Every structure is written in structure tokens, then in C-alpha cells.
Amino acid sequence: MPKKPASIRDVAERAGVSPGTVSNVLNGSRPVNAALAERVREAVAALSYQADRAAAFLRTGKARIIAVLVPDLDNPFFTSLVAAIETCLRGQGYEIIVASANGSDATEQSRLAAILAWRPAGLVVAPCSDAFPARMLIEQARLPYVVADRITQDPAADTVSVDNVDAGALGMRHLVELGHRAILVAASELRLANMRARCAGAAEIAREHGFASPAILEAGGDFEEASARIGTWLDANPRPTAILALTNFTTLGALAALAERNIAIPQAISLIGFDDYAWMRARATPLTAIGQPVEAIGAAIWDRLRARIEGDDGRPAEVALRCTLHVRASTAPPSD
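Since this is a predicted model, take the numbers as computed values, not measurements. (Residues numbered from 1 in each chain as written. Predicted model: local features only at pLDDT ≥ 70, side-chain atom pairs only at ≥ 80, totals over all residues. Heavy atoms only, no water.)

Novice: What is the right way to read the packing of aromatic side chains from this model?
Specialist: Centre-to-centre distance and the angle between the planes together describe a pair of aromatic rings. Enumeration according to the criterion identifies two aromatic pairs in this entry. Taken together, a centroid distance of 5.4 Å and an interplanar angle of 65° make the contact between Phe-77 and Phe-78 edge-to-face. Relative accessible area serves as the criterion here: at 4%, Phe-77 is assigned to the buried category. Ring geometry for Tyr-94 and Trp-302: centres 5.5 Å apart, planes at 70°, overall edge-to-face. Pair noted here: Tyr-94 is in the loop between α5 (76-89) and β2 (95-100) and Trp-302 is in helix α13 (residues 294-309), with a separation of 208 residues, a long-range link. The pair formed by Tyr-94 and Trp-302 is uniform in burial state, with each residue classed as buried. One cation-aromatic arrangement involves Arg-64 over Tyr-94; the distance from NZ or CZ to the ring centre is 4.2 Å. (Phe/Tyr/Trp six-rings, centres within 6.5 Å; stacked < 30°, edge-to-face > 60°. Buried < 20%, exposed > 50% of the residue type's maximum accessible area, 1.4 Å probe, protein only. Helix = DSSP H or I, 4+ residues; strand = E, 2+ residues; numbered from the N terminus. Lys NZ or Arg CZ within 6 Å of the ring centre and 35° of its normal.)

Here's what the structure looks like:
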């Protein structure tokens, strides 16, 4: 006959503790002496114990699950953000489930309805649009939640993002200080408030230095679209001396468009990318990049969400973290 699965009592007996102590260690609900916690973990491993999540759900009426809903899992920023949140949940007694809205408000609402049926303990959502019509479903469910990255109109919940105005200003300031004036700013979709804020930050630096606002191109939300739109713009307009890309996809799109036209970086055009990924340093010409503090964003999200789960009913907090500029070989003074 198949061996009966180990129970929480079996784990408690092996570790020499009470079942309540085992539960506290596994769920992170109460602090446990480090030595006792280690004995519990060793017993769990030795017995291959699996917690009965369904039973816990029946007891509490709420699953110890944190749900994360993002616009697009093809976007490496959102997958990095999910990983950062997951890191924060380790040892906290929560599981994580992740869903993608595929860039659609309608799909966002459908995915959210499915998530709410799980009755998770809390939700992290990066909305598809500024309007965020799915907000009503969350409010009706009275679910603790945090809005991440894309800060929407009239936020009624805690929000965690970067200072997008400052992020756009960081890149533009670097290019202006190098002597550039003919600058193309490649945004993704200007219907998004974070994109408009990054463009506004870049434009403000131009005004401060006494020249016209930079050309702003809405390059689209994926690599292929960004590559095509940036290429078309380069073919139809006087060549800029620099490009400031405001997302990772517009960065890749700019690289592809420049490569297809044999335009050298930075000899002909300087390029600043967005999000500082390892591949940007591994290129023959490493990219100057604006880096978002993804780990800090994940930690801030979990800090706010945990507070709400634990009963904090104070006013919504707005957390805006600063980006950093990593200067590398893809930016130089204009050759003219």
C-alpha cells in the first residue's frame, strides 16, 4: 500500500515541538526561536511534509496566497518585478500566483475575477491603462492591494513606482551635458501616465538649457513595433545625434533600427537605454542605461501589502523610488 503522507503532528513529534510551533514556522504567522525553527525545517525535509493548503483555506476562509497581475509577462521588467516580490515572500508563509492581462483592460478584468475567486490574502496589480476599470472588482471584494509601476488616475490604494519625471530627466541631462541638442525620445505608449511623466522630465531639462523640447516618438509596446516605428522615423527625419529610449522594448527597437541602417553607436548616434539588464553590459559597446531599482520596488510593494493584510487602514501611501544612470560607452559627445 502507498505510504501515508506525513501530517503536521508527525513533523511536530519528530522536531520535538507542538503542532502550533510547526504551523508558525511554515506560515510565518509568529516568530519562532531560530533553533526550533531549524529543527522544524529539518523534520519537514526528512518527512517530505506538504502543508494542506485546502484545509487552511477552510479554517480561515482566506488562502495564504499573494496574487500578482501584470500587463505582459513578455516584458522583462514585469518578470523581474514578480521575481523581486517572490523573493520577499520567502519564509513568510505565502505562495504566489501570477497572471498576465496581455495588455487588455477586458482581459485584466477577466483575470482579476478568476484571481478573486481564490480569495487571496492580497493582490499586487500593474494596470494596463490609466483608467484601470478593474479597480471596482478589487474594491468590491475588499481585498488588500497595491498598485505597482503604472500609477493610475485617483489612486485609492497604496502605490509603488519610480519617480518617472526624474527618470526621464536623468537621461536627458546626461545627453545635454555631453553637448547633444538633436535628441529623439522613444517612448512606448503615451496613453500611459508613466510614459508621459518620463517625457515631461526629459522636456523640462531641454527647457532648462534653453532649447526646444526633444522630438518624442510613440514607438509602441513591443520590440517589433518599436523597431519599425523608430526605423521609419529615422528614414523620414534629419538624423538626431542621440536617442533616449524610455523602456526596454524601445531600447531594443532603437538598437535594431540603428543596426539595420549601419548607424554606429556612439560615433553617429549616442543611445541611452532603459532598465539596466546584464546583456546591456555584455555588448561590444556597453549601453548607458537608466536602471530601475527592481529589488527595492518589490520590497516596498511587500512592505505596504503586508501592512494592509495585517490591518493597517491608514491613508494610501505613494512610494516613488529614484532611478540611477549607469554611464557606459554608448554615449559620447556629438561628432559634429
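Novice: Just checking my understanding: could you explain the pairing of strand β10 (residues 288-291) for this structure?
Specialist: Burial along β10 is two-sided: Thr-288 and Ile-290 and Ala-289 and Gly-291, pointing in opposite directions, are all buried. The pairing of strand β9 (residues 270-274) with β10 spans three bridges and is classified as parallel. Residue pairing in the sheet places Ile-272 in a bridge with Thr-288 of β10. Here β10 pairs with strand β12 (residues 324-326) via three bridges, running antiparallel. Pairing of Ala-289 across the sheet is with His-326, part of β12. (Pairing = 2+ DSSP bridges.)

Novice: In this structure, what is going on with α5? I would like to understand it.
Specialist: With 14 residues, α5 ought to run about 20 Å at 1.5 Å a step, and its terminal C-alpha atoms sit 20 Å apart, in line with that. Every buried residue of α5 is accounted for by Phe-77, Phe-78, Leu-81, Val-82, Ala-84, Ile-85, Cys-88 and Leu-89. Projected onto a plane normal to the axis of α5, the buried residues spread over an arc of 160° and lie on a single side. Considering only its buried residues, α5 is in contact with β1 (65-70), β2, β3 (122-125), β4 (145-148), α11 (248-260) and α13. The backbone nitrogen of Phe-77 has a side-chain oxygen 2.9 Å away, supplied by the residue at the start of α5, namely Asn-75. Just downstream of α5, Gly-91 is the residue with a positive phi angle, here 80°. (Expected span 1.5 Å × (residues − 1). Arc of directions from axis to C-beta. Contact = heavy atoms within 4.5 Å. Polar contact = N/O pair within 3.5 Å; in protein donor to acceptor, adjacent residues only side chain to side chain.)

Novice: In this structure, what is going on with the layout of surface pockets? I would like to understand it.
Specialist: Empty pockets left among the atoms are what a rolling probe the size of a water molecule brings to light. Its boundaries defined by the atoms lining it, the largest pocket holds a volume of some 360 Å³. As for the largest pocket, its lining consists of 25 residues, and the residues nearest its centre are Asn-75, Phe-78, Arg-150, Ser-188 and Gly-221. Taken together, the elements giving at least two residues each to the lining of the largest pocket come down to α5, α9 (193-208) and α11. Broken down by element, the lining of the largest pocket gets its largest block of residues, three residues, from α9. (1 Å grid on protein atoms, 1.4 Å probe; cavity = no way out; pocket = protein on both sides within 12 Å on 5 of 7 lines; lining within 4 Å. Points joined across faces, edges and corners; volume = space filled by probe spheres on them.)

Novice: Could you clarify how one ought to interpret the pattern of salt bridges in this entry?
Specialist: Two side chains with opposite charge may pair up if their charged atoms get near one another. Taken as a whole and judged by the stated rule, the model has 14 salt bridges. The salt bridge involving Asp-158 is made with Arg-308; its shortest N-O contact spans 2.7 Å. Note that Asp-158 is positioned in strand β5 (residues 158-162) and Arg-308 in helix α13, a separation of 150 residues in sequence. Through salt bridges with shared partners, a single ionic network connects Asp-158, Arg-304, Arg-308 and Asp-312. (Salt bridge = Lys/Arg side-chain N within 4 Å of Asp/Glu carboxyl O.)

Novice: Whenever I open this one, the sheet that holds strand β11 (residues 318-321) confuses me. Can you help?
Specialist: Sheet strands pair by backbone hydrogen bonding; their relative direction is either parallel or antiparallel. As summarised here, the arrangement of the six strands in space is β2-β1-β3-β4-β5-β11, forming an open sheet in which the pairing is parallel. Across the chains shown, the open sheet's two edge strands, defined by having one partner strand only, are β2 and β11. The average angle at which neighbouring strand axes cross in this sheet is 15°, direction not considered. Relative to β2, β1 is paired through six bridges, and the arrangement is parallel. Paired with Ala-67 across the bridge in β2 is Ile-97. (Axes fitted to C-alpha atoms, helices over the stretch in contact; angles between N-to-C directions.)

Novice: Quick question: what am I supposed to make of the sheet that holds strand β6 (residues 183-187) here?
Specialist: Read across the open sheet, the six strands follow the order β7-β6-β8-β9-β10-β12; overall the sheet is mixed. One side of each edge strand has no neighbouring strand; the edge strands of this open sheet are β7 (215-218) and β12. On average, each strand axis in the sheet is tilted by 20° relative to the strand beside it, whichever way the strands run. Alignment of β6 against β7, held across four bridges, turns out to be parallel. Looking across to β7, one finds that Ala-187 is bridged to Glu-218. α9 contacts β6, β7, β8 (242-245) and β9 of the sheet and is inclined by roughly 165° relative to β6.

Novice: Help me understand the side chain of Ser-227 in this model?
Specialist: Tracing the chain through its elements places Ser-227 in helix α10 (residues 223-236). Taking relative accessible area as the criterion, Ser-227 reaches 7% and is therefore assigned buried. Setting aside chain neighbours within four positions, we find Ser-227 in contact with Gly-253, Ala-256, Ala-257 and Glu-260.

Everything listed is a geometric property; what it means functionally is a separate question.
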